[in-house]
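Understanding the architecture of this molecule
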Amino acid sequence: MSEQYRISDESQLTEILGEAHEFIQEKVLDSLTPIMQEFIARAPLIMLSTLDEQGRIDTSPKGDAPGFVQVDEGGNLLIPDRPGNKMAIGFRNLLNNPQLGLIFVVPNQRETLRVKGTATISHDPALLEQFSAHGKPALLCTKVEVTECFFHCGKAMIRSRMWKPEQWVSHGDNLMQKQMAEGMGIDEALVEEGLESSYRDELY
């Protein structure tokens, strides 16, 4: 990338991209509306971003049945946690910096919902039981005090053709399995067996 074309200040961005329309700027709110809450109730998938001590960003997907993220009486988000890879990168980040960002995704909905907030992590047994799934309580629950939220237009989904299965390409392989097998120096079939066992027996 040539330094000649490096963008280094906001005025350059504005010159290239233009100013956001006033009605778009006004769509950014500091609390969830009833319509936003309905969108959250329909969402089976979120992307959650956190920052580590060095300011490096980590983004993690979290998914479950639609409505797995709930909104409490105070308008705060409650996000249950299920079994994962135990690295807990996002949680470790939140202990040092409680600021996070979220994107809610709903199938066949081109628009997404973006939320920023301040998080606290709880292992209150009553709260975890409230989020039980398949007979098992949640492992942890993240409460998010919302500070900013808005709907994001659907251009990215339209361009990606995310909701058009007829446009999807099936490569017939699993690149994560390949990477793990190569890194561990073992047969890919063993990695596949281990992953499938985890997906089957440790989902909840």
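Residues numbered from 1 in each chain as written. Predicted model: local features only at pLDDT ≥ 70, side-chain atom pairs only at ≥ 80, totals over all residues. Heavy atoms only, no water.

Turning our eyes to something else, we now look at the overall build of the protein chain. Looking only at helices and strands, one finds 8 helices and 7 strands in the protein chain. C-alpha extents for the protein chain along the principal axes are approximately 55 × 50 × 40 Å. Residues classed as buried in the protein chain amount to 26% of the 204 residues present. A fraction of 63% describes how many contacts in the protein chain between residues 6 or more apart in sequence connect residues 24 or more apart. On the protein chain, roughly 14200 Å² of surface is accessible, and the fraction owed to carbon and sulfur atoms is 54%. (Helix = DSSP H or I, 4+ residues; strand = E, 2+ residues; numbered from the N terminus. Buried < 20%, exposed > 50% of the residue type's maximum accessible area, 1.4 Å probe, protein only. Contact = heavy atoms within 4.5 Å. Areas by Shrake-Rupley, 256 points an atom, 1.4 Å probe, with all protein chains shown as cover.)

Another aspect to go through is a nonpolar patch on the surface. On the surface, Ile7, Leu13, Ile16 and Leu17 cluster together into a nonpolar patch covering about 410 Å² of accessible area. Given a relative accessible area of 66%, leucine 17 falls into the exposed group. (Patch = residues over 30% accessible without salt bridge, like charges linked within 9 Å, V, L, I, M, F, W, Y side chains within 5 Å. Salt bridge = Lys/Arg side-chain N within 4 Å of Asp/Glu carboxyl O.)

Side-chain alternation along strand 1 (residues 45-51) places Ile46, Leu48 and Thr50 on a buried face and Leu45, Met47, Ser49 and Leu51 on a face that remains uncovered. Here strand 1 runs beside strand 2 (residues 57-63); their pairing, made up of 7 bridges, is antiparallel. In the strand pairing of strand 2, serine 49 is matched with threonine 59. The antiparallel hairpin formed by strand 1 and strand 2 contains 5 residues in its connecting segment, where glycine 55 sits at a positive phi of about 85°. (Pairing = 2+ DSSP bridges.)

With antiparallel pairing, 7 strands are arranged side by side in an open sheet as 2-1-5-6-7-4-3. Looking at which strands have only one partner, the edges of the open sheet turn out to be strand 2 and strand 3 (70-71).

Here the focus is the environment of valine 106. If you trace the backbone, valine 106 turns up in the loop between strand 5 (99-105) and strand 6 (112-122). Sequence separation of valine 106 and aspartate 201 is 95 residues, and the distance between their C-alpha atoms is 26 Å. Each residue touching valine 106, except ones within four places of it in the same chain, is listed here: Phe39, Arg42, Ala43, Pro44 and Trp163.

So, on to the nonpolar core. Formed by 22 residues in total, the largest nonpolar core has its most connected members in Leu32, Val69, Leu77, Leu102, Phe104 and Val115. When residues of this core are traced back to their parent elements, those giving at least two are helix 3 (34-42), strand 1, strand 4 (77-81), strand 5, strand 6 and strand 7 (140-152). Apart from the residues lying within four places of it in its own chain, the contact partners of leucine 32 are Gln37, Ile40, Val71, Gly75, Leu77, Val115, Val146 and Cys149. Of all hydrophobic cores here, the second largest spans 6 residues; its members include Leu78, Leu127, Ala138 and Cys141. (Core = buried A, V, L, I, M, F, W, Y, C linked by side-chain atoms within 4.5 Å.)

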